[in-house]
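For reference, the chains in residue letters:
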Amino acid sequence: MTEDYRSAVAFVTGAASGIGAAVTTMLLERGAAVIASDLSEKGLAFHVDRYGDRVFPVRVDVSDEGSIEAGLAAGVDRFGRLDRAFNIAGVSKGAMIVDLPVEQWDFNVNVVLRGVFLSVKHEARIMRENGGGAIVNMSSLNAHVPMHTGAAYASAKAGVEMFTKNAALELADDGIRLNAILPGLIDTPLTQRRLTNGPLMEHWLTRIPLHRPGLPEEVAQAALFLAGSEASYITGTSLVVDGGWEITGYPDLRPFS
Ligand SMILES: NC(=O)c1ccc[n+]([C@@H]2O[C@H](COP(=O)([O-])OP(=O)(O)OC[C@H]3O[C@@H](n4cnc5c(N)ncnc54)[C@H](O)[C@@H]3O)[C@@H](O)[C@H]2O)c1
């Protein structure tokens, strides 16, 4: 797998924080050149300080088509081509449906779902000129499991999962593989408010068979596998990375048997 990335050029969205930062670091550790994009330029400086000119930092708003197109073009101009892409940027701003302002619905859907559509559209246009590539989209366990106040986010993440399958179907003839990852509870800035709530975590961890939140690096390992040559026959599928959370829907009958 290390060899796999030594001469690769990768594009990452959401590269400044959490899972996107972990993917960017892992790609750079394995020798890739990375077009590291985020809405926040500040968080990208960390990668440049550590890995120098193998990183091309670029401010991109994934919900804005012109921004994605320009960011990708500048990166490809710098490194010459594009082999892999990791669409990780995301936001989650929740409210109960009856109180959910339409602007907040649009905000979640525009970043999460429209952002992945726009990213894949422009990544694929470049990759097919290079003879193919691989793309990983970050969905969520919420694509399968709803949560209170999560209607916009969960619906958008379910959309990301189906969009990935549709894109895998359409782009197979161009030599482009696409897969989605559905993380459960991962320890990142996005989840800090919940992770530091003791009573909530005590309850939550009873639903996770591995009894802990995941690390961003554990999601990054799955992402690099799916985008790498070891996954050469895998396209249009989803990988749940959740410590077993999804399989705990059934009540624990042991105390009653
Ligand atoms: N942390 C979890 O438990 C968890 C679980 C399931 C799915 N996810 C998904 O994983 C992805 C990464 O989440 P994270 O936990 O690392 O969050 P994070 O908040 O640490 O990182 C998200 C990054 O996306 C960037 N971003 C936000 N809006 C953007 C925009 N319009 N354009 C470009 N960049 C933008 C932010 O600046 C930030 O750097 C998200 O898509 C999230 O929904 C996270």
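Shown above is the structure to which this text applies.
Below you will find a few notes about this structure. As the structure is a computational prediction, the values presented were derived from the model and not from experiment.

## What to know about the packing of helix H2 (residues 18–29) against helix H9 (residues 216–227)
(1) Moving on: At a minimum axis separation of 8 Å, H2 and H9 run at an interaxial angle of 60 degrees. The orientation of H2 with respect to H9, classified from their angle, is oblique. Along this stretch, H2 crosses H9, giving a crossing that reads as right-handed. Of the residues in H9, those touching H2 at Gly18, Ile19, Ala22, Val23, Met26 and Leu27 are Pro216, Glu217, Val219, Ala220, Gln221, Ala223 and Leu224.
(2) Moving on: For the contact of H2 with H9, the residue count by class is 10 nonpolar, two polar and one charged.

## Considerations on the packing of aromatic side chains
(1) Moving on: Throughout the structure, instances matching the rule amount to two aromatic pairs.
(2) Moving on: Geometrically, the ring pair formed by Phe117 and Phe163 is edge-to-face, given 6.1 Å between the ring centres and 75 degrees between the ring planes. Taken together, the residues span a long stretch of sequence, with Phe117 in helix H5 (residues 102–130) and Phe163 in helix H6 (residues 151–171) at a distance of 46 residues.
(3) Moving on: The exposure class assigned to Phe163 is partly exposed, which follows from its relative accessible area of 22%.
(4) Moving on: A centroid spacing of 5.5 Å and a plane angle of 70 degrees characterise the contact between Trp204 and Trp245, whose relative ring orientation is edge-to-face. Placement of Trp204 in helix H8 (residues 198–205) and of Trp245 in the segment after strand E7 (238–241) is noted, with a sequence separation of 41 residues between them.

## With respect to the site of the ligand
(1) Moving on: Surveying the vicinity of the ligand reveals 28 residues, the closest of which are Ser17, Ile19, Asp38, Tyr153 and Thr188.
(2) Moving on: Interatomic distance of 2.6 Å between a side-chain N/O atom of Asp38 and an oxygen atom of the ligand.
(3) Moving on: Contact between the ligand and Lys157: an oxygen atom at 2.8 Å from a side-chain N or O atom of the residue.
(4) Moving on: Contact with the protein chains removes 91% of the 830 Å² of surface that the ligand exposes when unbound.
(5) Moving on: Elements that contribute at least two residues to the shell around the ligand include exactly H2 and H6.

## So, the environment of Leu200
(1) Moving on: Tracing the backbone through its elements, the reader meets Leu200 in helix H8.
(2) Moving on: The sequence separation of Leu200 and Ala16 amounts to 184 residues, and the corresponding C-alpha distance is 27 Å.

Criteria and cut-off values
Residues numbered from 1 in each chain as written. Predicted model: local features only at pLDDT ≥ 70, side-chain atom pairs only at ≥ 80, totals over all residues. Heavy atoms only, no water. Axes fitted to C-alpha atoms, helices over the stretch in contact; angles between N-to-C directions. Helix = DSSP H or I, 4+ residues; strand = E, 2+ residues; numbered from the N terminus. Parallel < 35°, antiparallel > 145°, perpendicular 65-115°, else oblique. Left-handed = near helix turned anticlockwise from the far one by under 90°. Contact = heavy atoms within 4.5 Å. Nonpolar A, V, L, I, M, F, W, Y, C, P; charged D, E, K, R; others polar. Phe/Tyr/Trp six-rings, centres within 6.5 Å; stacked < 30°, edge-to-face > 60°. Buried < 20%, exposed > 50% of the residue type's maximum accessible area, 1.4 Å probe, protein only. Near = heavy atom within 4 Å. Polar contact = N/O pair within 3.5 Å; in protein donor to acceptor, adjacent residues only side chain to side chain. Areas by Shrake-Rupley, 256 points an atom, 1.4 Å probe, with all protein chains shown as cover.

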